[in-house]
Amino acid sequence: GCARDWDGLTCWPRATFGEVVKIPCPRFFEEFTNTHGRFLQRNCTQEAHWSEPFPPYTIACGFDEGSSKGPEDQKSYYSAFWRVYTAGYAASVTSLITALIVFAAFRKFHCTRNYIHMHLFVSFILRAIAVFTKDAVLFADETMDHCLMSTVSCKAAVAFFQFSILANFFWLLIEGIYLQTLLLLTFVSSKQFVWWFIFAGWGAPTAVMFAWVLTRIHQQNTGCWDDDENGVVLWIIKGPILLTVLINFIIFINVIRILVHKLKSQEGGGSHSSNFVRLAKSTLLLIPLFGVHYIVFAFFPESTGLEARLYIELGLGSFQGFVVALLYCFSNAEVQTELKKQLCKWQYQEYLTFSHKHRALSRETSPVNYVTQLSLLDKISPKRQSSVSQNGVTTV
């Protein structure tokens, strides 16, 4: 018969001589043609060779009907998206690592609020690294046979990708919870709360990931775990993410209510109030920007609003880490002031070092120094010592 075959678009199962195999069109065709329920067929010939798909992909899967762009145009379109989100994740990683170094280097920034920010930075860095890893393992080689690809490395890459997404959403939720707690209470600066936040931010995604891996192994251990998932497997990941987004959205509404109440009740607006407003402003900018959009697509099929989903989740989403670093670190007045102080300190130290070297050089090259050196040379010269010796003998 005919062996399992990967034709570059879909995987065809084994077939006996003369058998006609019928499979549904690949899911990605449905996503950009909005056509569903189409099928392809191939015949296993007597010579043990697969025939060409009939009808062809473009006709059978409604490509000509549902898309105004040809296959090459679509390939260029998605390649452009790949370049955009690769650049976005690279910019995010660079800015987030820089922000981590800033927060770690200055003791002034070692506080509960910034500890939470730093863990959020790490979750975004892991998300970017997971995307790069998944692309490198699964899609770097276009000649790879995806029918036979079911290795530990590719499954680990997908599992790491799913974990990074979960951790990122959970840490966004921690940010929202901390902001609301800070607005309601006044004793959250104690370090004991940091450990609870760390346990929740990393422990919950680990538990969910452990459940997902076990379910995958026992119920749907196919391919590289990046294929279509059944309901149970899908909602193990999607459910917690949706829950975090819903809670964060509720927190967002409640925080706005608290802020409006506090701002109305304050007459003078002291320094304590300005701290609340500054922190609330930065976090409120993040909550609607990250994660809330997931609600829009959560209850619809994957093919719904594909282009909008691509723009938001890949285009804008890849720059999330960069925006987080910008809001929480580089645009923070305290960070800017501290960096300016450190820069002035470095410049002053450079000036002192230069002045010290200049004075030393001036002393070495001064006329007085030359006279002193000549006097010393005259005293220790052999000729001088010989004359002294002779005078001494004559005297004796």
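Residues numbered from 1 in each chain as written. Predicted model: local features only at pLDDT ≥ 70, side-chain atom pairs only at ≥ 80, totals over all residues. Heavy atoms only, no water.

Peer 1: Would you mind showing me how to read the packing of aromatic side chains here?
Peer 2: One pair of aromatic rings is described through two measures. These are the centre distance and the angle between the planes. All told, the structure shown has 10 aromatic pairs when counted by the stated rule. Plain terms: the ring middles of Phe 103 and Phe 109 are 5.8 Å apart, the flat faces sit at 70° to each other, and that makes the pair edge-to-face. The buried category is assigned to Phe 103, whose relative accessible area is 1%. Classification of Phe 109 as buried rests on a relative accessible area of 1%. Grouped by ring-pair contacts, the aromatic residues Phe 103, Phe 106, Phe 109 and Phe 121 constitute a single cluster. Positioned above the aromatic ring of Phe 161 is the side chain of Lys 134, whose terminal nitrogen or guanidinium carbon lies 4.3 Å from the ring centre. The ring of Trp 235 has Lys 238 sitting right over it, with the charged end atom 5.2 Å from the ring centre. (Phe/Tyr/Trp six-rings, centres within 6.5 Å; stacked < 30°, edge-to-face > 60°. Buried < 20%, exposed > 50% of the residue type's maximum accessible area, 1.4 Å probe, protein only. Lys NZ or Arg CZ within 6 Å of the ring centre and 35° of its normal.)

Peer 1: I tried to follow the state of the cysteines on my own but got confused; where do I start?
Peer 2: Note on terminology: disulfide describes a covalent bond linking the sulfur atoms of two cysteines. What the rule picks out here adds up to 2 disulfides. In this model, Cys 2 is linked to Cys 44 through a disulfide, with the two sulfur atoms separated by 2.1 Å. Across the S-S bond linking Cys 2 and Cys 44, the dihedral sits near 95°, which makes this disulfide right-handed. Pair noted here: Cys 2 is in the segment before strand S1 (5-6) and Cys 44 is in the loop between strand S4 (39-43) and helix H2 (57-60), with a separation of 42 residues, a long-range link. The same class applies to Cys 2 and to Cys 44, which are both buried. (Disulfide = S-S within 2.5 Å. Helix = DSSP H or I, 4+ residues; strand = E, 2+ residues; numbered from the N terminus.)

Peer 1: What is the right way to look at the confidence of the model for the protein in this model?
Peer 2: The predicted structure's coordinates, where accompanied by low pLDDT, should not be read in detail. On average, the protein scores 75 in pLDDT, and the residues at 70 or more come to 64%. Put simply, helix H15 (residues 382-395) is where the protein has its lowest mean pLDDT, 46, and helix H5 (residues 112-138) is where it has its highest, 91. Across residues 368-374 the pLDDT falls below 50, and counting only partners more than four positions away or on other chains, this stretch makes 4 contacts in the model. Here residues 388-396 is a poorly scored stretch, pLDDT under 50, and it has 0 contacts once near neighbours within four places are set aside; other chains count. (pLDDT = per-residue confidence, 0-100. Contact = heavy atoms within 4.5 Å.)

Peer 1: What exactly am I supposed to notice about the side chain of Ser 123 here?
Peer 2: Along the chain, Ser 123 turns up in helix H5. Other than its neighbours up to four places away in sequence, Ser 123 contacts Ser 164, Ala 167, Asn 168, Trp 171 and Trp 202.

Peer 1: I would appreciate a short explanation of the pairing of strand S3 (residues 20-24) in the present structure.
Peer 2: When a strand is regular, its side chains alternate between the sheet's two faces. Side-chain alternation along S3 places Val 21 and Ile 23 on a buried face and Val 20, Lys 22 and Pro 24 on a face that remains uncovered. Pairing between S3 and S4: 5 bridges, direction antiparallel. Residue pairing for S4: Ile 23 is matched across the bridge by Leu 40. (Pairing = 2+ DSSP bridges.)

Peer 1: Please explain the environment of Gly 203 as it appears in this structure.
Peer 2: You can see Gly 203 is positioned in helix H7 (residues 192-219). Accessibility expressed as a relative area gives 29% for Gly 203, which makes it partly exposed.

Peer 1: What is the right way to look at the packing of H5 against helix H6 (residues 152-184) in this model?
Peer 2: Two numbers describe a pair of packed helices, the interaxial angle and the distance between the axes. One way to put it is that H5 packs onto H6 with a least axis distance of 8 Å and a crossing angle of 155°. Between H5 and H6, the interaxial angle falls into the category roughly antiparallel. For the crossing formed where H5 meets H6, the hand is left-handed. (Axes fitted to C-alpha atoms, helices over the stretch in contact; angles between N-to-C directions. Parallel < 35°, antiparallel > 145°, perpendicular 65-115°, else oblique. Left-handed = near helix turned anticlockwise from the far one by under 90°.)

Peer 1: Please explain the UniProt feature "transmembrane region" (unreviewed entry) in the protein as it appears in this structure.
Peer 2: Within this numbering scheme, the UniProt entry marks residues 87-106, 118-140, 160-186, 193-215, 235-259, 279-300 and 312-331 as carrying the feature "transmembrane region" (unreviewed entry). Taken end to end, residues 87-106 comprises 95% helix and 0% strand; its first and last C-alpha atoms sit 29 Å apart. Summarising residues 312-331: 80% helix, 0% strand, and an end-to-end C-alpha distance of 24 Å. (UniProt positions renumbered as here; feature names shortened; annotations may be inferred.)

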